[in-house]
Amino acid sequence: MATGCSGGKVRGLLAALALALASGCATTSGGDPRDPLEGFNRSMYGFNEAFDETIGRPVASAYKRIIPDPVRGWVRNFFANIDDLFIGVNNLLQGKVGDTVTDWARFAFNTTIGLAGINDVASEMGLEKHNEDFGQTFGRWGAGDGPYLVWPLIGSSNVRDSAGLVLDSYFDPVRRHEPSGVRTLAVVLRATSKRADLLDASRILEEAALDKYVFQRDAYLQRRRGLIHDGNPPRGPSSRLTEEPRAEAEAGSTKQ
Amino acid sequence: MAAVCFAVQAQDVTPPDVLVKNVTLEVIDIIRKDKDLQNDRRKVIALIETKVVPHFNFTSMTASAVGAAWSKATPEQKTRLTEEFRTLMVRTYASSIAAYKDQKFDFRPLRAKPTDTDVTVNVRVLQQGAESVKLDYDMEKTARGWKVWDVRIADISLTANYRTEFANIMRASGIEGLVNALHSKNAGLERAQPAASADKKK
């Protein structure tokens with residue numbers, strides 16, 4: 001979930017990573033065909049949880065507490081505006097030229113009238129924000145999910161989305177920025193802003209899930225499926241199962 | 001709002017999209033106005049019990065989450081499963097609505113024929129600096145009005161998301177094991193939350 005870390009913390013993280021790898025590999029349960037590397041993934045998940053608990057969440061909470069709401073909005077918009085560039089590229093690669101025009105018009109208006117992107121004036125003008133990345137483009141081109149993967153600090157992914165992520169971060173204007181001091185600061189600020197926006201969601205997840213790992217994995221897979229199909233995924237596993245449970249359910253509900 | 005309640009009681013069927021809009025706006029409005037309510041989870045839960053729960057078919061939801069094993073459950077197990085899952089859903093709903101009470105909603109017009117008995121009501125939660133979040137309610141027409149049987153948040157179906165978790169638990173310890181797991185989950189939340197909200201008030 002959180003991305004990027006800097007300097008002195010790295011060695012400690014590597015040690016924790018090695019520990020997580022050594023401890024968790026044997027615990028495979030369920031044998032879900034979508035997740036053949038569950039043992040590895042669970043240990044990565046454990047590492048990410050530990051990282052989030054000690055660094056991610058406290059930093060994000062402090063950020064939310066200290067920085068006033070409008071300023072956090074500027075930060076969020078600033079990075080979201082930069083994202084629109086490659087959202088447009090990915091829409092183009094998927095043949096959605098109209099969406100690309102919207103994305104780049106958003107970038108043009110927000111960068112100028114929106115003062116370097118800190119104000120999302122394009123949304124107020126009715127130019128809708130999209131969500132695209134290279135993983136979705138590959139999915140649109142017909143690539144399957146591949147096995148589910150959990151990466152340290154990045155979190156949920158799969159083989160296809162990991163390949164996408166390599167391109168996403170290669171072309172990421174923030175990661176290409178020079179000098180490196182500003183770049184590091186920007187990467188950390190962006191990660192903090194994103195984590196802060198997820199504080200409520202992660203608390204709700206905590207409450208809702210019986211097995212957080214499974215819940216988060218299934219949510220990721222469903223979410224990506226939805227994104228690849230731009231919100232109109234073919235109704236598969238998420239639709240109602242068979243006629244039988246439904247008939248039972250109706251019988252049950254009329255009794256009450 | 002009283003008119004809506006009356007309409008439902010009178011079996012005069014409120015269209016599903018109107019129902020979702022009215023209930024959402026009413027509940028959000030009450031939470032926004034009542035500062036006391038914002039610090040008291042028990043009151044939020046009570047509000048949801050009276051305003052929201054009547055429009056959900058939890059038996060249907062539970063059946064969908066449990067999946068194929070539902071047909072093997074005894075009537076008594078079905079009742080207990082539904083009761084526990086309902087408690088968990090109400091709590092999750094309470095947390096969500098409290099967290100998102102300041103967001104703006106876009107209620108999309110229903111795309112369905114008047115004769116349809118199974119529809120999806122589309123809502124968008126508008127956010128700053130991010131694409132809007134889809135909130136879809138799968139609803140079925142029953143003798144007692146339209147009832148929700150699944151909620152999809154950003155294309156994540158709640159019932160489908162519980163299915164693997166439930167299947168894993170049932171594989172290890174059967175339907176009884178699932179009832180117990182849900183029960184202890186709810187008991188754990190019950191212990192943690194009212195205490196926390198009481199602390200905040202003092």
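As shown above, the structure is provided for reference.
The residue count restarts for each chain, going from 1 along the sequence in the order it is written. Numbering of ligands from 1 and lettering of chains from A proceed in the order in which they are written. Restriction of local features to residues with pLDDT of at least 70 applies here, the model being predicted, together with a cutoff of 80 or more for giving and counting side-chain atom pairs; totals for whole chains, interfaces and linings are based on all residues.

1. As for the overall build of chain B
Here is step 1: Secondary structure follows DSSP: runs of H or I at least 4 residues long count as helices, runs of E at least 2 residues long count as strands, and numbering of each begins at the N terminus. Looking only at helices and strands, chain B has seven helices and five strands in total.
Here is step 2: Moving toward the C terminus, one meets the helices and strands of chain B in the order α-α-α-α-α-α-β-β-β-β-β-α.

2. Considerations on the overall build of chain A
Here is step 1: Counting its regular elements, chain A contains 11 helices and two strands.
Here is step 2: Along chain A, helices (α) and strands (β) appear in the sequence α-α-α-α-α-α-β-β-α-α-α-α-α when read from the amino end.
Here is step 3: Here a residue counts as buried when 20 or more other C-beta atoms fall within 10 Å of its C-beta, as exposed when 12 or fewer do, and as partly exposed in between; the C-beta atoms come from the backbone. Here chain A, with 256 residues, has 34% of them falling under the buried criterion.
Here is step 4: Looking at chain A alone, contacts between residues at least 24 apart form 59% of all its contacts between residues at least 6 apart. Here, residue contact means that the backbone-derived C-beta atoms of the two residues sit within 7 Å.

3. Comments concerning the nonpolar core
Here is step 1: Core analysis: the largest hydrophobic core is formed by 35 residues, its most contacted members being Phe85, Phe166 and Leu178 of chain B.
Here is step 2: Counting residues per element, the ones that place at least two in this core are α2 (16–33), α4 (41–51), α5 (58–66), α6 (75–99), β3 (133–142), β4 (145–153) and α7 (158–201) of chain B.
Here is step 3: Filtering out sequence-adjacent residues up to four positions away, Phe166 of chain B remains in contact with Ala65, Val66, Gly67 and Leu178 of chain B.
Here is step 4: What makes a nonpolar core is a set of buried Ala, Val, Leu, Ile, Met, Phe, Trp, Tyr and Cys residues, with links drawn between C-beta atoms within 7 Å. Counting residues in each nonpolar core, the second largest holds eight residues, with Phe47, Tyr148, Val150 and Leu221 of chain A among its members.

4. Examining the sheet that holds strand β1 (residues 104–107) of chain B
Residues and elements named next belong to chain B.
Here is step 1: Pairing in this open sheet of five strands is antiparallel, and the strands run β1-β2-β3-β4-β5 from one edge to the other. Pairing within the sheet leaves two strands with one partner each, and these edge strands are β1 and β5 (156–157).
Here is step 2: Bridging between β4 and β5 involves two bridges; their strand directions are antiparallel. Looking across to β5, one finds that Arg152 is bridged to Ser157. We call two strands paired when DSSP finds no fewer than two bridges between them.

5. What about the environment of Thr100 of chain A?
Residues and elements named next belong to chain A.
Here is step 1: By the element assignment, Thr100 lies in helix α4 (residues 97–112).
Here is step 2: On a C-alpha basis, the gap between Thr100 and Ala196 in space is 29 Å, while along the polypeptide they are 96 residues apart.
Here is step 3: Those residues in contact with Thr100 that lie beyond four places of it in its chain are Gly88, Asn91 and Leu92.

6. Let's talk about α2 of chain B
Residues and elements named next belong to chain B.
Here is step 1: Relative to the 26 Å expected for 18 residues at 1.5 Å per residue, α2 spans 26 Å between its end C-alpha atoms, a close match to the ideal helical length.
Here is step 2: For α2, the complete set of buried residues consists of Pro16, Asp17, Leu19, Val20 and Ile31. Projected down its long axis, α2 shows its buried positions confined to an angular sector of 160 degrees, all on one face. Turned more than 90 degrees from where α2 packs its buried face, Asp29, Arg32 and Lys33 sit exposed. Between the first and last residue of a helix there are one fewer steps than residues, each counted as 1.5 Å, and that sum is the expected span. Note: the arc covers the axis-to-C-beta directions of the helix.

7. Regarding the pairing of β4 of chain B
All names here are of chain B.
Here is step 1: Burial runs high along β4: seven of the nine residues are buried.
Here is step 2: Both β3 and β4 contribute to a ladder of eight bridges, which runs antiparallel. By the bridge assignment, Met139 is partnered in β4 with Val148.
Here is step 3: Here β3 folds back onto β4 in antiparallel fashion, the turn holding two residues.
Here is step 4: Joining the antiparallel neighbours β4 and β5 is a turn of two residues, in which Ala154 adopts a positive phi near 50 degrees.

8. Looking at the packing of helix α3 (residues 69–93) of chain A against α4 of chain A
All names here are of chain A.
Here is step 1: To define axes, lines are fitted to C-alpha atoms, for helices over the stretch in contact only, and angles between the resulting N-to-C directions are given on a 0 to 180 degree scale. α4 packs onto α3 with a crossing angle of 160 degrees between their chain directions and a minimal axis gap of 8 Å. The angle between the axes of α3 and α4 places the two elements in the roughly antiparallel class. The two elements α3 and α4 meet at a crossing, and its hand is left-handed. Across the interface between the two elements, Asn81, Asp84, Leu85, Ile87, Gly88, Asn91 and Leu92 of α3 pack against Val97, Asp99, Thr100, Asp103, Trp104, Arg106, Phe107, Asn110 and Thr111 of α4.
Here is step 2: We call Asp, Glu, Lys and Arg charged. Ala, Val, Leu, Ile, Met, Phe, Trp, Tyr, Cys and Pro are nonpolar, and the rest, Gly among them, are polar. Among the residues forming the contact of α3 with α4, the class breakdown is six nonpolar, six polar and four charged. By the definition adopted for this analysis, an angle is roughly parallel if under 35 degrees, roughly antiparallel if over 145, roughly perpendicular if from 65 to 115, and oblique otherwise. By the definition used in this description, the sense in which the near helix is turned from the far one sets the handedness, with an anticlockwise turn below a right angle giving left-handed and a clockwise turn giving right-handed.

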